[in-house]
Amino acid sequence: MKYTNLPNSDIKVSKICLGTMTWGNQNTEADGHAQMDFALESGVNFFDTAELYSVPATPETYGATEKIIGSWFKKTGNRDKVVLATKIAGSGDYTAHIRKDGFSKRALKEALEGSLKRLQTDYIDLYQLHWPERGVNCFGVRDYPYKYARKEAENHLEILETLNEFVKEGKVKHVGLSNETPWGTMQYLQTAKERDLPRMATIQNSYSLIHRAYEYGMSEVSLRENIGLLVYSPLAQGVLSGKYLDGNKPEGARGTLFPRFIARYMTEGSLQAVKEYQKIAEKHGLTLTQLSLAFINQLPFVTSNIIGATNLTQLKENIESINIELSDAILSEIESVHSRIPNPAP
């Protein structure tokens, strides 16, 4: 395994992070425990979850994933071996069953206490805001949503002041963002600097060979401001494994069970690009999964690559991608495809 520091800290995290959002729906508690055992044995010390999980989000499965992680901590006593990240859900119709007051002081306190209880721990290493309150282009929205984006933005100062209370209490060590934009990220960083409040360490946004929009503005923010990207959906919800090509619908696969989650990655351009990347992988004796993950692992603005799997075979392949070094020739071939079919997935 390879490691890096959580930005602006002395906390070492594995470049591969274990994603957990299927636990409690597609995966059982036993599955989750087995994945955590295997990941830790493989050198992965960074786990990411959220109060929202498992996904698809429902009132019945709310908090299920955190509970599975908590029961594993209790069973194994491995809490001190894991850098643990979780998130508070933003507001909206999708999360109306959780709460409706977004990132208010009350909501933040309720969410944190609930996560601590479910996770059976007294602190969170990285506490993240799952998505902005104001409406931005994420989750498959390509362009800025002028028509429905709220005119008012989040109260960045109040949010940071509340997070600062958590840090002072020892309940949170570091804070981060998710699904944010350059403007929102800089607002948090500037407010933190001006008021001597906790600085956002990371931002968790989607990134993959067919969705590289992070490079339009956020990659520069990451590099110049030292706020590391935690990549989610590096395999585009499994599309970049190649298993959905030619109309295939593998039994039990996420895209088969919940097709709306892969719809954004199934455009004509995306599937064309996937086929091109698959040719590159085969030419160089790699699987498409290995190529897709190894490309992300070597990017200078990436702190960790969040991989998710529904079985141990997938998990092993994903984790072992950290050992693959892509040659200049392979990287050049990837860029050739990207120049012809840039960001086909929104």
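Conventions we followed
Residues numbered from 1 in each chain as written. Predicted model: local features only at pLDDT ≥ 70, side-chain atom pairs only at ≥ 80, totals over all residues. Heavy atoms only, no water. Helix = DSSP H or I, 4+ residues; strand = E, 2+ residues; numbered from the N terminus. Buried < 20%, exposed > 50% of the residue type's maximum accessible area, 1.4 Å probe, protein only. Contact = heavy atoms within 4.5 Å. Phe/Tyr/Trp six-rings, centres within 6.5 Å; stacked < 30°, edge-to-face > 60°. Axes fitted to C-alpha atoms, helices over the stretch in contact; angles between N-to-C directions. Parallel < 35°, antiparallel > 145°, perpendicular 65-115°, else oblique. Left-handed = near helix turned anticlockwise from the far one by under 90°. Core = buried A, V, L, I, M, F, W, Y, C linked by side-chain atoms within 4.5 Å. Pairing = 2+ DSSP bridges. Arc of directions from axis to C-beta.

Turning our attention to the side chain of Ser 208. Positionally, Ser 208 belongs in the loop between strand 8 (200-206) and helix 6 (218-225). Among the residues examined, Ser 208 registers a relative accessible area of 1% and is labelled buried. In contact with Ser 208, other than residues within four places in its own chain, are Ser 233, Pro 234, Ala 236, Leu 240 and Ile 296.

Turning to the packing of aromatic side chains, a few remarks are in order. A full pass over the atoms with the stated rule returns 8 aromatic pairs. For the pair Trp 131 and Phe 139, a centre-to-centre distance of 5.8 Å together with 80 degrees between the ring planes defines the contact as edge-to-face. Overall, Trp 131 belongs to the buried group, its relative accessible area being 11%. What makes Phe 139 partly exposed here is its relative accessible area of 46%. Where Phe 258 meets Phe 261, the ring centres are 6.2 Å apart and the plane angle is 85 degrees; that geometry is what we call edge-to-face. Here Phe 258 matches Phe 261 in class, with each residue buried. One aromatic cluster is present, built from ring pairs that chain together Phe 47, Trp 72 and Phe 73.

Below, the discussion takes up the packing of helix 1 (residues 29-41) against helix 2 (residues 64-76). Between helix 1 and helix 2, whose axes approach to 9 Å, the crossing angle comes to 60 degrees. Overall, the two elements helix 1 and helix 2 adopt an arrangement that is oblique. Of the two elements, helix 1 crosses helix 2, and the hand of that crossing is right-handed. Residues Glu 29, Gly 32, His 33, Met 36, Asp 37 and Leu 40 of helix 1 touch helix 2, and the partners they reach there are Ile 68, Ile 69, Ser 71, Trp 72, Lys 75 and Thr 76.

This next bit is on the nonpolar core. Ranked by size, the top nonpolar core spans 82 residues in total, and within it Tyr 127, Met 200, Ile 210, Tyr 277, Leu 291 and Leu 326 carry the most contacts. Element by element, the count of residues in this core is highest for helix 9 (residues 288-297), at 6 residues. Aside from chain neighbours lying at most four places away, what touches Met 200 is Leu 129, Leu 160, Leu 163, Val 175, Gly 176, Leu 177, Tyr 188, Leu 189 and Ile 227.

Next up on the list: the sheet that holds strand 10 (residues 302-307). In spatial order, the strands read 3-4-5-6-7-8-9-10; together these 8 strands close into a barrel with parallel pairing. The mean angle between the axes of side-by-side strands here comes to 30 degrees, regardless of whether they run parallel or antiparallel. Its contacts with the sheet place helix 9 against strand 3 (16-19), strand 9 (228-232) and strand 10, and it is angled at close to 155 degrees to strand 10.

All right, on to helix 6 then. Along helix 6, the positions that sit buried rather than exposed are Met 218, Ser 219, Val 221 and Ser 222. Angularly, the buried residues of helix 6 cover 160 degrees about the axis, an arc narrow enough to put them on a single face. Summarising the geometry of helix 6, the exposed residues directed more than 90 degrees from the buried face are Leu 223 and Arg 224. Buried residues along helix 6 sit against helix 5 (182-195), strand 8 and strand 9. One or two residues past the end of helix 6 sits Asn 226, with phi positive at roughly 55 degrees.

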